[in-house]
Amino acid sequence: MKVLAVIPARGGSKGVKKKNLLKINNKSLVNISISQAKASKYISKIVLSSDSSSILKEGIKAGCKYCIRRPKNLSGDKDSIFKVIKHSTDWFWQNHSWTPDIIALILPTTPLRPLWHIDECLKKLIKTK
């Protein structure tokens, strides 16, 4: 099965400024999410979606192959995560003729999740089709 990890990371934040670039043990929240997705046994492709150039640069630095600029109309604090995911999957179809069977949403603001949580969820989804 083809599994796409979508990592949404807006540049604007009302509460903590540039929160997705904050560091834990010298790794940004974006970097941690990319590292976890890369370490998964099930994830086929990873996309970092952001409206921020500095976050996209951090994604490239962390080894994310697909760092895509999210349009401003999908970057507000009230914009739908579903539309962000759809934008990412549409981008993959338009640029690589690739469509995932499963989408894993990996939020940078939950850096303490263990990798086995991601893999166990995906394993159950794959097993139950």
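The preceding data block contains the structure.
Residues numbered from 1 in each chain as written. Predicted model: local features only at pLDDT ≥ 70, side-chain atom pairs only at ≥ 80, totals over all residues. Heavy atoms only, no water.

Asker: In this structure, what is going on with the overall build of the protein? I would like to understand it.
Answerer: Helix and strand counts for the protein stand at four helices and six strands. Along the protein, from the amino end to the carboxyl end, the secondary structure elements read β-β-β-α-β-α-β-α-β-α. Expected size for 129 residues packed as a compact globule is a radius of gyration near 14 Å; at 14 Å, the protein falls within 12% of this value. With respect to the principal axes defined by its C-alpha atoms, the protein has extents near 40 × 35 × 25 Å. In the protein, buried positions account for 42% of the 129 residues. Nonlocal contacts in the protein, meaning residues at least 24 apart in sequence, comprise 64% of its contacts between residues at least 6 apart. Just so you have it, the protein exposes about 7,600 Å², and 56% of that area is on carbon and sulfur atoms. (Helix = DSSP H or I, 4+ residues; strand = E, 2+ residues; numbered from the N terminus. Rg over C-alpha atoms; globule rule 2.2 N^0.38 Å. Buried < 20%, exposed > 50% of the residue type's maximum accessible area, 1.4 Å probe, protein only. Contact = heavy atoms within 4.5 Å. Areas by Shrake-Rupley, 256 points an atom, 1.4 Å probe, with all protein chains shown as cover.)

Asker: Could you clarify how one ought to interpret the pattern of salt bridges in this entry?
Answerer: Close approach of charged atoms allows side chains of opposite charge to pair. Evaluated as defined, the whole model comprises three salt bridges. Of the charged contacts, one joins D51 and K72 as a salt bridge, the two residues approaching to 3.8 Å between their closest N and O atoms. Of this pair, D51 sits in the loop between β4 (45-50) and α2 (53-61) while K72 sits in the loop between β5 (66-69) and α3 (81-96); the two residues are 21 residues apart in sequence, bridging distant segments of the chain. For K72, a relative accessible area of 63% gives the class exposed. A salt bridge links K86 to D90; the shortest N-O distance between them is 3.0 Å. One end of the pair is K86 and the other is D90, both in helix α3 and four residues apart, which spans about a single turn. Take K86: its relative accessible area is 41%, and that puts it in the partly exposed class. Given the relative accessible area of 31%, D90 is considered partly exposed. (Salt bridge = Lys/Arg side-chain N within 4 Å of Asp/Glu carboxyl O.)

Asker: Just checking my understanding: could you explain the layout of surface pockets for this structure?
Answerer: Space left empty within the atom packing is revealed by a probe, the size of a water molecule, rolled over the atoms. Space inside the largest pocket adds up to approximately 290 Å³. Taken together, the residues of the lining of the largest pocket break down into seven nonpolar, five polar and five charged. (1 Å grid on protein atoms, 1.4 Å probe; cavity = no way out; pocket = protein on both sides within 12 Å on 5 of 7 lines; lining within 4 Å. Points joined across faces, edges and corners; volume = space filled by probe spheres on them. Nonpolar A, V, L, I, M, F, W, Y, C, P; charged D, E, K, R; others polar.)

Asker: How should the environment of W116 be read in this particular structure?
Answerer: Locating W116 in the fold gives a position in helix α4 (residues 115-128). Since its relative accessible area comes to 55%, W116 is described here as exposed. Sequence-wise, W116 and P100 are 16 residues apart; in three dimensions their C-alpha atoms are separated by 21 Å.

Asker: Teacher, can you tell me more about the environment of T89 here?
Answerer: Position of T89 relative to the elements: it lies in helix α3. In this structure the C-alpha to C-alpha distance between T89 and E120, which are 31 residues apart in sequence, comes to 23 Å. Discounting chain neighbours no more than four positions away, the residues touching T89 are L4, W98, P100 and I103. At a separation of 3.0 Å, a polar atom in the side chain of T89 contacts the main-chain carbonyl oxygen of K86. (Polar contact = N/O pair within 3.5 Å; in protein donor to acceptor, adjacent residues only side chain to side chain.)

Asker: Even after reading the chapter, I still don't get helix α1 (residues 29-39), so can you show me in this structure?
Answerer: Side chains three or four residues apart in an α-helix point the same way, a direct result of the helix having 3.6 residues per turn. Taken across its eleven residues, α1 has eight buried, putting it largely inside the fold. In this structure, the buried residues of α1 make contact with β1 (3-8), β2 (23-24), β3 (27-28), β4, α2 and α4.

Asker: In this structure, what is going on with the pairing of β4? I would like to understand it.
Answerer: As a general feature of sheets, a regular strand has side chains that alternate between the two faces. Most of β4 sits inside the fold, with five of its six residues counted as buried. Both β1 and β4 contribute to a ladder of five bridges, which runs parallel. Within β4, the residue paired with I7 across the bridge is L48. In this structure, β4 lies alongside β5, joined through four bridges in parallel fashion. Directly across from S49, in β5, lies its bridge partner I68. (Pairing = 2+ DSSP bridges.)

This is a description of form; function is not addressed.
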